[in-house]
Every structure is written in C-alpha cells, then in structure tokens.
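# Examination of the molecular architecture
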Amino acid sequence: MGATCVSIQAALECIPNRTATTPRVTVLVAPGSYHNQSLRVRRSKGKVSLVGDSPDPAAVVVLGLGANGGMCGGGDATVECGALAVEGDDFALANLTVA
C-alpha cells in the first residue's frame, strides 16, 4: 500500500533517502498524458522503478517541457528540456512512454 501524490515528481520526492541495500521502490503511474513534465530521479532515492499502470506503454505518456514548445536552457532558449533525468544507477522504466 502506498501514498497517492498530486504529480509524478511529487511521488518521486516522497521517496525517503535510501541506501544501496534498501529494497526497490515502485512508483505506479495511472494511465493518461502528463504534459509539461520535467522529472528528476535523485541518486539519494536508491532503487526506483517508474511503472505505467497499463500493459500498453502508449496509455501512459509523459511529455517533457520541450514537447509543447517550451524551452529551458537557462539563458539559451535553443536548448530543450528533457522529460526525465535519472541520477541513480539502478533505475527501471516500464509500461510508459517518455517523449
């Protein structure tokens, strides 16, 4: 049983800092399109799986800031944002599309 969060990033931030021996945490994402996302999985969160709650990866779509014309290159407006940044070594992604 887990917590319900208002966003995918909020769910990732809710994960307490962990050690290498701590079991994997799975963040289950409901079907839908998540627009203007910039997700970051911090190394301190340990083993994390981000899993779409559908066997069809097209049913759960995470679109980065650049997908809707947004830019975030600091002072350089030509650098698009990515939808997902993973800092840790043991991350898994399943049943969802990141664009």
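Residues numbered from 1 in each chain as written. Predicted model: local features only at pLDDT ≥ 70, side-chain atom pairs only at ≥ 80, totals over all residues. Heavy atoms only, no water.

The next subject is the environment of Thr-19. For Thr-19, the position within the fold is in the loop between helix H1 (8–14) and strand E1 (25–29). Taking C-alpha positions, Thr-19 is 8.7 Å from Lys-47, a pair spaced 28 residues apart along the chain. (Helix = DSSP H or I, 4+ residues; strand = E, 2+ residues; numbered from the N terminus.)

Counting 14 residues, the largest nonpolar core has Ile-8, Leu-12, Val-27, Val-29 and Leu-50 as its most contacted members. Sequence-distant contacts of Val-29, that is, excluding residues within four places in its chain, are made with Ile-8, Tyr-34, Leu-50, Val-51, Gly-52, Asp-53, Val-60 and Leu-96. (Core = buried A, V, L, I, M, F, W, Y, C linked by side-chain atoms within 4.5 Å. Buried < 20%, exposed > 50% of the residue type's maximum accessible area, 1.4 Å probe, protein only. Contact = heavy atoms within 4.5 Å.)

Below, the discussion takes up the confidence of the model for the protein. For the protein, per-residue confidence averages 81 on the pLDDT scale, and 80% of positions sit at 70 or higher. Throughout residues 67–71 the model reports pLDDT below 50, and contacts reaching past four residues in sequence, or to other chains, amount to nine contacts. (pLDDT = per-residue confidence, 0-100.)

The next point concerns the pattern of salt bridges. Scanning the entire structure with this criterion turns up four salt bridges. With a closest N to O distance of 3.2 Å, Arg-42 and Glu-13 form a salt bridge. Of this pair, Arg-42 sits in the loop between strand E3 (39–41) and strand E4 (48–52) while Glu-13 sits in helix H1, and the two are 29 residues apart along the sequence. In this structure, Arg-24 and Asp-90 form a salt bridge, with 2.6 Å as the shortest nitrogen-oxygen distance. You can see Arg-24 sitting in the loop between H1 and E1 and its partner Asp-90 sitting in the loop between strand E6 (84–86) and strand E7 (91–94), a full 66 residues away along the chain. (Salt bridge = Lys/Arg side-chain N within 4 Å of Asp/Glu carboxyl O.)

Tracing the backbone through its elements, the reader meets Lys-45 in the loop between E3 and E4. No salt bridge is formed by the buried Lys-45. Its closest oppositely charged neighbour is Glu-13, at 4.5 Å. A polar contact of 2.6 Å, which involves the side chain of Lys-45, links it to the backbone oxygen of Ile-15. Once residues lying within four places of it in the same chain are set aside, the contact partners of Lys-45 are Leu-12, Glu-13, Ile-15, Pro-16, Asn-17 and Arg-18. (Lys, Arg positive; Asp, Glu negative; His and termini not counted. Polar contact = N/O pair within 3.5 Å; in protein donor to acceptor, adjacent residues only side chain to side chain.)

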